[in-house]
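Residues per chain are reported as follows:
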Amino acid sequence: MTDLPQISVKDLDALLQSEPDVQLIDVREPEELAIAHLAPLGFQNYPLSAYETWSASILRDLDPQRPTYVLCHHGLRSAQMTQWLLQQGFAQVSNIEGGIAAWSQAIDSSVPQY
């Protein structure tokens, strides 16, 4: 997965200022969302542990041609999801490097660390 498309939180923050028409996916668990989330940005939650419940519908709910960015805690689970989405034909999908932890450190310190 070393050649996986990646975006830094700083680049994503800048991109969201000028390009709001993107799809944002958060693959963390509901318990993690309760601690820290980026809800105002419009992230949709698809927990990896619930793959069976959303794997068929995500391909109907999301547009594989729109830019898509995937978030988790540190970037490992989102990398898995990014790889899966690429295999499903998503043309413009990127893993958010460092996940919500990096977002909290570099962009918005009010987002809790855990």
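Shown above is the structure to which this text applies.
Counting of residues starts from 1 at the beginning of each chain's written sequence and follows it residue by residue. Totals for whole chains, interfaces and linings use all residues, but because this is a predicted model, local features are given only for residues with pLDDT of at least 70 and pairs of side-chain atoms are given and counted only at 80 or more. Excluded from the side-chain calculation are hydrogens and water; included are all heavy atoms of the structure.

**Considering the packing of aromatic side chains**
Between the rings of Phe, Tyr and Trp (Trp by its six-membered ring), a pair exists once the centres lie within 6.5 Å; its type follows the angle of the planes, with under 30 degrees stacked, over 60 edge-to-face, and the other angles tilted. On inspection of all chains with the given rule, the structure shows 4 aromatic pairs. Pairing Trp-54 with Trp-84 gives two aromatic rings, centres 5.7 Å apart and planes at 80°, and the pair type is edge-to-face. Within this pair, whereas Trp-54 is found in helix H3 (residues 51-54), its partner Trp-84 is found in helix H5 (residues 76-87), the two being separated by 30 residues in sequence. For the pair Trp-54 and Trp-84, a shared accessibility class is recorded, and that class is buried. What counts as a helix is a DSSP run of H or I of at least four residues, what counts as a strand is a run of E of at least two, and both are numbered from the N terminus. The classification of residues rests on relative accessible area computed with a 1.4 Å probe and restricted to protein chains. Under 20% of the type maximum is buried, over 50% is exposed, and intermediate values are partly exposed.

**Description of the packing of helix H1 (residues 9-18) against helix H6 (residues 99-106)**
Helix axes are fitted to C-alpha atoms over the stretch in contact, other axes to C-alpha atoms as well, and angles between N-to-C directions run from 0 to 180 degrees. Look at H1 against H6: their axes get within 9 Å of each other, and the N-to-C directions meet at 75°. In this view, H1 runs roughly perpendicular relative to H6, as classed from their interaxial angle. Note on element contacts: H6 touches H1 through Gly-99, Ala-102, Trp-103 and Ala-106, opposite Val-9, Lys-10, Leu-12, Asp-13 and Leu-16. Should an angle fall under 35 degrees it is called roughly parallel, over 145 degrees roughly antiparallel, and 65 to 115 degrees roughly perpendicular, with every other angle called oblique. It only takes one pair of heavy atoms within 4.5 Å for two residues to be counted as in contact.

**Considerations on the side chain of Thr-68**
Structurally, Thr-68 is set in strand E4 (residues 68-71). Among the polar contacts made by the side chain of Thr-68, one reaches the side chain of Gln-23 at a distance of 2.7 Å. Two N or O atoms count as a polar contact when they lie within 3.5 Å, although within protein this holds only if one can serve as hydrogen donor and the other as acceptor, and sequence-adjacent residues are included solely when both atoms are side-chain atoms.

**Concerning the pattern of salt bridges**
By definition, a salt bridge exists where a carboxyl oxygen of Asp or Glu is found within 4 Å of a side-chain nitrogen of Lys or Arg. Applying the stated criterion across every chain, the model contains 3 salt bridges. As a salt-bridge pair, Arg-66 and Asp-21 come within 3.1 Å of each other at their nearest N and O atoms. Within this pair, whereas Arg-66 is found in the loop between helix H4 (58-61) and E4, its partner Asp-21 is found in the loop between H1 and strand E2 (23-26), the two being separated by 45 residues in sequence. In this structure Arg-66 comes out as partly exposed when scored by relative accessible area, which is 27%. Note that Arg-77 and Glu-32 form a salt bridge whose closest N and O atoms lie 2.9 Å from each other. Of this pair, Arg-77 sits in helix H5 while Glu-32 sits in helix H2 (residues 30-35), and the two are 45 residues apart along the sequence.

**Focus: the sheet that holds strand E5 (residues 93-96)**
A pair of strands is labelled paired if DSSP reports no fewer than 2 bridges between them. Spatially, E1-E5-E4-E2-E3 is the arrangement adopted by the 5 strands of the open sheet, whose pairing is parallel. If you trace the sheet from one side to the other, it starts and ends with strand E1 (6-7) and strand E3 (44-45), each paired once. Relative to E5, E4 runs parallel, the two being bridged by 3 bridges. From the neighbouring strand, Val-70 faces E5, where its bridge partner is Asn-95.

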